[in-house]
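In case you want the letters, here they are:
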Amino acid sequence: MKIAKKALKLVEAFEVKNGDSFRLKDFDPAETGGIHSKEKATEILHKSTGVLCDLQEKLYAQDQWGVLLVVQAMDAAGKDSLVKHVMTGVNPQGCEVTSFKQPSTEELNHDFLWRATRRLPERGHIGVFNRSYYEEVLVVRVHQEALEKQHLPSRLVTKKIWKERFEDIRNFEKYLTRNGLIILKFFLNVSKEEQKRRFLERLDEPEKNWKFSEADVHERQYWDDYMHAYEEMIQNTATPEAPWYVVPADHKWFTHIAVSAAIIHALKGLNLEYPKVDKDRRKALEAAREALAKDK
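Report follows, based on the coordinates. (Residues numbered from 1 in each chain as written. Predicted model: local features only at pLDDT ≥ 70, side-chain atom pairs only at ≥ 80, totals over all residues. Heavy atoms only, no water.)

What follows deals with the environment of lysine 84. As for its position among the elements, lysine 84 is in helix H3 (residues 79-86). For lysine 84, a relative accessible area of 59% translates into the label exposed. Between the C-alpha atom of lysine 84 and that of valine 97, which follows or precedes it by 13 residues, the distance is 10 Å. (Helix = DSSP H or I, 4+ residues; strand = E, 2+ residues; numbered from the N terminus. Buried < 20%, exposed > 50% of the residue type's maximum accessible area, 1.4 Å probe, protein only.)

Have a look at this one:
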C-alpha cells in the first residue's frame, strides 16, 4: 500500500539537517502542507499505519537496525496524542515508549546522558522518547537553578556549558548512528495562542481536567526564553545523521501524518527485508514439516 505522495513531500519541508541557517520564525505552526481537512488526514494516516506496521515487522525480524524517535515540545503541543495515533498498529513487542519526568536523585548523581542511555532501543526495536536528554539544554537552560541539583563541580559550570552540552549531544548521537541506531528528532511547533486554547479546553471539559497542571501556566511566562532555547538547540544539534523535524503542531491531525511520513521515509531507506533462509535451514524446516505431517 502506497503512502500518499503529498505526505512524503512533508519530510523535506520540515527536515533540518544543518542548523546553521535555521530560524524558528521561518516555520509556521499552523501549516498543513496543502492538506485542508481532518478527514483527508485521517485517510492518509490510516494508510500510513499499515505501511509502518509492515516496516516495523521487517525491522524486528532483521534485527540489525534500531530506531530512536525523540519528541520535544512545549506543554499541550500533542506529544502523547502523537505517540498514540502514529504508533497505533505497531507490535508492542518491538516498540517501547519512555516518558522522561523530573530526574530522580539517582539520575542526578550521574552524567546528564545516563538516564537516556539506559533506555535506548535494542536492535530491531523502535524506541520513543517523550521528552529526552534535550531537556538538559531546554528546561535546565531556562531554569538554570536546576544545575545546582546536578552536583557538578563549580569550575565546570561556565558560560560555555551549553555549547559543551550541544557538542556532547552531537558526539553521542554520532556514536549511536555509527552503531546502527537511526535517530529522528521531532520538535512539535505549537503557537502560543493554540497552547492557550488547549489549556482552556482542559479546564472547560471535565474529562480533560486531569491533564491540566498549574505549572503549565507558570511555564508560559518563559515562552520567549524557551523559543530561544529551542532555536539554538536545533541550530547546534541538527545533523545529516540525526536531523530535526520542525513539525507544525497547531493542527494535531496534520502533525500525526507529517511525523508518520518522516518515520516511514527513514525506514524505507534501510531497505528492510525478512531474513533469508539458507540451504541448511531450509532442510531443517522441511524435516520439521515432514515430522509434523507424520504426527497423529
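Right, let's get into the pattern of salt bridges. Should the charged atoms of two oppositely charged side chains come close, the side chains can pair. Throughout the structure, instances matching the rule amount to 18 salt bridges. The salt bridge involving lysine 40 is made with glutamate 43; its shortest N-O contact spans 3.8 Å. With lysine 40 and glutamate 43 both in helix H2 (residues 38-62) and three residues apart, this pair spans about one turn of that helix. Note that arginine 202 is salt-bridged to aspartate 216, the shortest N-O span being 4.0 Å. Placement of arginine 202 in helix H8 (residues 192-204) and of aspartate 216 in helix H9 (residues 214-220) is noted, with a sequence separation of 14 residues between them. Side by side, arginine 202 and aspartate 216 carry an identical accessibility label, which is buried. Where salt bridges share partners, they join Glu194, Arg197, Arg198, Glu201, Glu205 and Lys208 into one cluster. (Salt bridge = Lys/Arg side-chain N within 4 Å of Asp/Glu carboxyl O.)

Take helix H10 (residues 223-237) next. With 15 residues, H10 extends 21 Å between its outermost C-alpha atoms, agreeing within 8% with the 21 Å of an ideal straight helix rising 1.5 Å per residue. Trp223, Tyr226, Met227, Ala229, Tyr230, Met233, Ile234 and Thr237 are the residues of H10 that are buried. Each buried residue of H10 sits inside an arc of 160° when the element is viewed along its axis, so together they form one side. (Expected span 1.5 Å × (residues − 1). Arc of directions from axis to C-beta.)

Looking at where valine 142 falls in the secondary structure, it is placed in helix H6 (residues 139-142). Overall, the relative accessible area of 17% leaves valine 142 in the buried class. The spacing of valine 142 and tryptophan 223 is 81 residues in sequence and 9.7 Å in space, taken between C-alpha atoms. Residue contacts for valine 142: discarding those within four places in its chain leaves Tyr222, Asp225, Tyr226 and Ala229. (Contact = heavy atoms within 4.5 Å.)

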